[in-house]
Amino acid sequence: MIELEGVPELIDPVMVAAFEGWNDAGDAASGAVAHLDREWKGEVFAALDAEDYYDFQVNRPTVWLDGGVRKITWPTTRLSVVRVGGAKPRDLVLVRGIEPSMRWRSFCNELLGFAHELGVEMVVILGALLGDTPHTRPVPVSGVTSDPDLARAMDLEETRYEGPTGIVGVLQEACTHAGVPAVSLWAAVPHYVSQPPNPKATLALLNRLEDLIDLRIPLGELPEDARAWQLGVDQLAAEDSEVAEYVQTLEEARDTADLPEASGDAIAREFERYLRRRDPAPGGAVGHATESGDASYLRDTSSGRTRPKPKPEAGGEPEDGTEPDAPEA
């Protein structure tokens with residue numbers, strides 16, 4: 001494990017994780033963490049050793065040119081920290097990687113070691129699965145946990161899933177056994193349009209995350225991308241009568257099932273989100289990365305990795321349609 005010496009003291013940290021692969025239909029989950037990292041300018045402070053967890057014939061490294069010099073990027077899982085400003089500042093530990101090929105228990109234990117060292121209060125794992133849901137309706141997002149107390153406190157579902165699972169389900173159970181509160185958020189991606197990206201599903205995950213941790217997330221161009229994506233799928237469906245008829249069938253089934261959601265908690269959540277977005281953050285900023293002297297980053301020349309700069313002293317999926325029918329947390 002990479003040493004975390006010099007990491008600044010974090011404020012109410014929450015770890016948010018997503019992994020490419022089996023649990024990431026339409027790249028919706030990994031896209032959500034990438035959005036957070038990009039909007040808040042997170043900087044990587046640690047990376048897991050790729051040799052320990054990945055089969056490079058399955059997840060191949062890539063070669064690229066940097067000023068004429070050939071370099072290799074290895075598939076791995078990286079961690080970054082961002083500090084979100086506002087009336088109630090807090091830190092997010094972002095975990096973005098690829099579902100490991102091997103040694104899943106060691107993989108989870110290493111991530112939990114980081115969580116313990118950083119004082120993480122809760123782990124939120126994002127996932128996406130293929131489902132019978134129409135692209136024309138709001139993306140269903142389920143929040144599930146294995147902790148019955150947490151389920152009651154945060155109005156989540158207590159998972160009852162049985163069957164094949166991915167790294168999302170394994171990591172959540174590892175958190176539960178380690179006594180770390182953990183929640184999985186699952187977005188349902190239409191199985192008939194599963195190719196990435198799916199900005200509408202990414203947006204839905206971010207909205208649900210915003211509600212869960214009571215944090216205002218800058219969305220940038222994501223809402224417009226989601227609208228453009230839906231219009232594009234509308235046009236494709238209109239060109240095929242069988243697809244259009246199938247989508248209509250899904251719409252009717254969804255509308256019937258969602259009738260109770262037209263009022264009550266669903267409307268309350270939307271209204272609260274509207275008010276939160278209406279209220280500007282102090283100074284007009286939604287959030288900022290920790291770029292001060294307390295959270296700058298240095299490169300460890302011996303390992304080639306980056307790590308936080310010590311504080312100065314005083315004065316100085318398979319995505320082939322075989323996703324499970326229910327969240328696998």
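What this report covers is the structure whose coordinates are included nearby.

Thresholds, definitions, all that
The written sequence of each chain sets the order in which its residues are numbered from 1. Whole-chain, interface and lining totals are the exception, using all residues; otherwise, since this is a predicted model, local features are given only for residues with pLDDT of at least 70 and side-chain atom pairs are given and counted only at 80 or more. Side-chain calculation: all heavy atoms of the structure are included, whereas hydrogens and water are not. Numbering goes from the N terminus for both helices and strands, where a helix is a DSSP run of H or I of at least four residues and a strand is a run of E of at least two. Burial classes follow relative accessibility: with a 1.4 Å probe on protein chains only, a residue under 20% of its type's maximum area counts as buried, one over 50% as exposed, and anything between as partly exposed. Accessible surface is estimated by sampling points in the Shrake-Rupley manner with a 1.4 Å probe; for residues, cover comes only from the protein chains shown. For a helix, the expected span equals 1.5 Å multiplied by the number of residues minus one. Here the arc refers to the directions that run from the helix axis out to each C-beta atom. Orientation is described by lines fitted to C-alpha atoms, with helices fitted over the stretch in contact, and by angles between N-to-C directions that extend from 0 to 180 degrees. Angle categories are assigned with fixed cut-offs, so that under 35 degrees is roughly parallel, over 145 is roughly antiparallel, 65 to 115 is roughly perpendicular, and the rest are oblique. Put simply, a crossing is left-handed when the front helix is turned counterclockwise from the back one by less than a right angle, and right-handed when it is turned clockwise. A contact between two residues is defined here by any heavy atoms of the two lying within 4.5 Å. DSSP-based pairing: two strands are paired if at least 2 bridges between them are found. For patches, a residue must show more than 30% relative accessible area and have no salt bridge; joins then use 9 Å for like charges and 5 Å for nonpolar side chains, namely Val, Leu, Ile, Met, Phe, Trp and Tyr. Salt-bridge detection follows one rule: a side-chain nitrogen of Lys or Arg within 4 Å of a carboxyl oxygen of Asp or Glu. Only four residue types enter the tally: Lys and Arg on the positive side, Asp and Glu on the negative side, with His and both chain ends excluded. Throughout, a charge is located at the NZ atom of Lys, the CZ atom of Arg, the CG atom of Asp or the CD atom of Glu. By nonpolar core we mean a set of buried residues, namely Ala, Val, Leu, Ile, Met, Phe, Trp, Tyr and Cys, connected to one another through side-chain atoms within 4.5 Å. In summary, the pairing rule links any two rings of Phe, Tyr or Trp, Trp by its six-membered ring, whose centres are within 6.5 Å, and it sorts them by plane angle into stacked for under 30 degrees, edge-to-face for over 60 and tilted for everything else.

### Points about the overall build of the protein chain
Here comes step 1: Of regular secondary structure, the protein chain possesses nine helices and 12 strands.
Here comes step 2: Every one of the 329 residues in the protein chain was classed for burial, and the buried ones make up 46%.
Here comes step 3: Of the roughly 16800 Å² that the protein chain leaves accessible, carbon and sulfur atoms contribute 50%.

### Quick word on helix α8 (residues 241-257)
Here comes step 1: Taking 1.5 Å of rise per residue, 17 residues should cover 24 Å, and α8 covers 25 Å from first to last C-alpha, within 8% of that figure.
Here comes step 2: Within α8, burial applies to V247, L250, E251 and R254. All buried residues of α8 project into a common sector of 105° when viewed along the axis, lining one side. Away from its buried face, by an angle of more than 90 degrees, α8 presents the exposed residues S241, E242, E245 and T256.

### Observations regarding the packing of helix α6 (residues 199-213) against helix α7 (residues 222-238)
Here comes step 1: Close contact between α6 and α7 brings their axes to 8 Å; oriented N to C, the two are set at 140°. One element, α6, and the other, α7, form an angle in the oblique class. Helix-helix and strand crossings are classified by hand; for α6 and α7 the assignment is left-handed. Across the interface between the two elements, P199, K200, T202, L203 and L206 of α6 pack against L222, P223, D225, A226, W229 and Q230 of α7.

### With respect to the sheet that holds strand β2 (residues 43-47)
Here comes step 1: In space, the eight strands of this open sheet follow the order β2-β5-β6-β1-β7-β10-β8-β9, with mixed pairing throughout. Looking at strand neighbours, the two that pair on one side only are β2 and β9 (157-158), the edges of this open sheet.
Here comes step 2: Contacts from helix α3 (residues 104-118) reach β1 (14-20), β2, β5 (78-84) and β6 (90-98) within the one sheet, and its direction differs from that of β1 by about 155°.
Here comes step 3: Sitting on the sheet, helix α5 (residues 167-178) is in contact with β1, β7 (122-131), β8 (141-145) and β10 (182-190), with an inclination near 165° to β10.

### Notes on a negative patch on the surface
Here comes step 1: Where like charges cluster on the molecular surface, the negative patch consists of E239, D240, E242 and E245.
Here comes step 2: By secondary structure assignment, the location of E239 is in the loop between α7 and α8.
Here comes step 3: Here E239 falls in the exposed class, since its relative accessible area comes to 66%.

### With respect to the nonpolar core
Here comes step 1: Counting residues in each nonpolar core, the largest one holds 39 residues, and the members touching the most others are V16, L92, V124, L126 and I213.
Here comes step 2: Ranked by residues supplied to this core, first place goes to α6 with eight residues.
Here comes step 3: The residues touching I213, leaving out its near neighbours within four places in the chain, are V14, R90, L92, M122 and V124.
Here comes step 4: Grouped together as the second largest cluster of nonpolar side chains are 36 residues, Y53, Y54, V168 and V180 included.

### Let's talk about the pattern of salt bridges
Here comes step 1: Summed over the entire model, instances satisfying the criterion amount to eight salt bridges.
Here comes step 2: A salt bridge links D66 to K71; the nearest nitrogen and oxygen atoms lie 2.8 Å apart.
Here comes step 3: E121 is paired through a salt bridge with R90; the nearest N and O atoms lie 3.9 Å apart. In this pair, E121 sits in the loop between α3 and β7 while R90 sits in strand β6, placing the two residues 31 residues apart along the sequence.

### Here we look at the packing of aromatic side chains
Here comes step 1: Summed over all chains, the structure comprises four aromatic pairs.
Here comes step 2: Between Y53 and F107, the aromatic rings sit 5.3 Å apart at their centres with planes inclined by 85°, giving edge-to-face as the arrangement. Of this pair, Y53 sits in helix α2 (residues 50-53) while F107 sits in helix α3, and the two are 54 residues apart along the sequence. The pair Y53 / F107 is uniform in exposure class, with both members buried.
Here comes step 3: By the ring-pair criterion, three or more aromatic residues cluster together here, those being F19, Y53 and F107.

### With respect to the environment of Q248
Here comes step 1: One can find Q248 in helix α8.
Here comes step 2: Separated by 112 residues in sequence, Q248 and T136 have C-alpha atoms that sit 9.4 Å apart.

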